[in-house]
Amino acid sequence: MTNLSSILDTTAERMPEAAAIVFEGTTTSYASLARSAHGVAADLAAKGVSKGDRVAVWLPNHPAFASVMYGVLRLGAVVVPVHAALTKPEARHILADAGVKAVFMGSAQAAAGGDELVGELGLHGVVVKDAFDTATDEAPMTAEVDDSDLAVIAYTSGTSGLPKGAMLTHANLSANLDQMSRTPIAVGPEDAVLCVLPLFHIFGLNVVLNLAVKVGAKVVLHERFDPRGSMDAVREHGITVVAGAPPVYVAWLSVPDAPSDAFANVRIAVSGAAPLPPTVLAAFGDRFGVTIWEGYGLTETSPALTFTGIGGVAKPGSIGRALDGVDIRLVDEAGDDVEPGDPGEIVVRGPNVFAGYWNQPEYTQQAFVDGWFRTGDVGVADDDGDLFLVDRRRDLIIVSGFNVYPREVEDVLRRHPKVGDCAVVGDDDERTGEHVRAIVVADPPGESVDPQELIEFCGRSLAPYKVPSIVEIVPEIPRNAAGKVLRRVLRS
């Protein structure tokens, strides 16, 4: 098995002076990016990091993210991406659970508790400033890896309330790159790719960055998404490929004076991470003349499973057809295939499906049935074989493309002395897809509780996208005879 970092070395050898990343007016060539990654590997090796060790990348979008990731992989060590907005307690769980040996973080992350965590956990910590240069021409030998060797542990929220680490191997990620490269609508070396997606998210990491590096495309990287600024970048840099979660396209549609030719050079627009509303698909095509092709996948599948571009028709509401090499079935509760036209749970298998959850054998066993990964999503296929999602993972809330499980928010709320009982659901939101709503019972009953106080309380322990936008104080939480919260009642 070839080390995933080789995609950078191969491209750097083939087209050394070509632009790899454009960030805040500075262009990094493929040769420079490779030298920087080699420098990261050399520095980590000198600090005792070796094959199999875990290294956290707690960074916002920055060229250093790519340098660090490829440098870590080059050693045969394992990349642990950490959401840049996580609080100290959230980050601590991931760093400790993964048993990381080193952490690269931005200035904001260091100030938010990263510096303290380095000391508390005994880590080698590197704070990445605006300038980040570790370039060296003395590249260490690239570690040989097997198909089963881990490349990335990507943490995804779970119903237990604590994130679980999805173990993605070099083979998993490489397979998905090959699968995406074989679709009828694919990125090539002539493309300029706009990356407003966070690189710590598997969508930005593999679908955007790794795929662009594999083919030698130019990545125009933004630290954070700004609708007007990114729209200007599309024109300025001749962007031909854009990728985003649905809220990105909603935000672009909300720019009041955006010209109809704002995306004139764009030949590929891809949406993922959450269902794309058919109204957004239609409105974007009508206003800008650009078709949005939708993909579906999960962190556990590296991530892409399906793509509407395979069938050549962007059907409203459809997630398309399976990528080459991905097998998909729709099954009932007994695990049997459903009748044609009937909905069923989407179960999948393929070389891009993860190796299981880090240190979670019980969850890993539950996730697979006879070698098929259970996505937890419910879909139905039309007569053409195109898939449609009809229900999503139980209780999952998706805010701006990021997963929020109610249990995690509820656990924080219950730590407040005035909260006796609570439940969390997602409400539709035109800007972010959904937002978090908390329903709270005071302790003792009838006690006066300030909703804003609870929102601020959550903000001290949760990343902003997980914090409730609305808190309702109610006499009781509706539950069934077994005591389970009736979330459907709460949503209605």
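Our structure is the block above this text.
Everything quoted here is computed from the prediction, not taken from an experiment.

Moving on to the overall build of the chain. The helix and strand tally for the chain stands at 14 helices and 25 strands. Computed over the C-alpha atoms, the radius of gyration of the chain is 22 Å, within 12% of the 23 Å expected from 2.2 N^0.38 for a compact globule of 492 residues. The buried share among the 492 residues of the chain stands at 57%. Taking as baseline every contact in the chain between residues at least 6 positions apart, the subset at least 24 positions apart corresponds to 68%. For the chain, the accessible surface area stands at approximately 20,000 Å², while carbon and sulfur atoms represent 50% of it. Separation between the mean location of the 40 positive side-chain charges and that of the 65 negative ones in the chain comes to 3 Å.

This part is about the side chain of Asp-427. Examined against the element boundaries, Asp-427 turns out to sit in strand S23 (residues 419-429). Dropping the residues within four chain positions of it, Asp-427 is found in contact with Gly-433, Glu-434, His-435 and Arg-437.

Scanning all chains against the criterion turns up 2 cavities of 30 Å³ or more. Put simply, the second largest cavity is a space of about 40 Å³. Lining the second largest cavity are Leu-276, Leu-281, Ile-292, Trp-293, Glu-294, Thr-308, Ala-314, Lys-315, Pro-316, Gly-317 and Ser-318. The element contributing the most residues to the lining of the second largest cavity is strand S13 (residues 292-297), with 3 residues. Of the residues that constitute the lining of the second largest cavity, the class distribution is 6 nonpolar, 3 polar and 2 charged.

Nonpolar side chains in soluble globular proteins generally cluster together in the buried interior. With 160 residues, the main nonpolar core has Tyr-70, Phe-104 and Phe-263 as its most contacted residues. Looking at this core, the element that brings in the most residues is helix H7 (residues 202-215), giving 10 residues. Among the nonpolar cores identified, the runner-up in size contains 7 residues, and Ala-423, Ile-477, Val-485 and Leu-490 belong to it.

Let us look at the side chain of Ser-271. Mapped onto the fold, Ser-271 is located in strand S12 (residues 268-271). Of the residues examined, Ser-271 reaches a relative accessible area of 0% and is grouped as buried. If near-sequence neighbours (up to four positions away) are discounted, Ser-271 is found in contact with Phe-203, Gly-244, Ala-245, Pro-246, Tyr-249, Leu-276, Ile-292, Trp-293, Glu-294 and Gly-295.

Moving on, we get to the sheet that holds strand S24 (residues 433-442). Reading across the sheet, the 3 strands line up as S23-S24-S25 and stay open at both edges, with mixed pairing between neighbours. Whereas interior strands pair on both sides, the edge strands pair on one side only; in this sheet they are S23 and strand S25 (470-473). Looking at each pair of strands side by side, their axes are set apart by 25° on average, direction ignored. Of the pairings in the sheet, the one linking S23 to S24 comprises 10 bridges and is antiparallel in character. From the neighbouring strand, Asp-428 faces S24, where its bridge partner is Glu-434. Helix H13 (residues 451-459) rests against S23, S24 and S25 of the sheet, and its axis sits at about 130° to S25.

Moving on to the pattern of salt bridges. In total, this model carries 27 salt bridges according to the counting rule given. Between Arg-224 and Glu-223 there is a salt bridge, with the nearest N and O atoms lying 3.3 Å from each other. Looking at Glu-223, the relative accessible area reads 32%, which means it is partly exposed. Among the ionic contacts, a cluster of salt bridges with common partners joins Lys-315, Arg-321, Asp-382, Asp-384 and Asp-386.

Criteria and cut-off values
Residues numbered from 1 in each chain as written. Predicted model: local features only at pLDDT ≥ 70, side-chain atom pairs only at ≥ 80, totals over all residues. Heavy atoms only, no water. Helix = DSSP H or I, 4+ residues; strand = E, 2+ residues; numbered from the N terminus. Rg over C-alpha atoms; globule rule 2.2 N^0.38 Å. Buried < 20%, exposed > 50% of the residue type's maximum accessible area, 1.4 Å probe, protein only. Contact = heavy atoms within 4.5 Å. Areas by Shrake-Rupley, 256 points an atom, 1.4 Å probe, with all protein chains shown as cover. Lys, Arg positive; Asp, Glu negative; His and termini not counted. Charge placed at Lys NZ, Arg CZ, Asp CG, Glu CD. 1 Å grid on protein atoms, 1.4 Å probe; cavity = no way out; pocket = protein on both sides within 12 Å on 5 of 7 lines; lining within 4 Å. Points joined across faces, edges and corners; volume = space filled by probe spheres on them. Nonpolar A, V, L, I, M, F, W, Y, C, P; charged D, E, K, R; others polar. Core = buried A, V, L, I, M, F, W, Y, C linked by side-chain atoms within 4.5 Å. Pairing = 2+ DSSP bridges. Axes fitted to C-alpha atoms, helices over the stretch in contact; angles between N-to-C directions. Salt bridge = Lys/Arg side-chain N within 4 Å of Asp/Glu carboxyl O.

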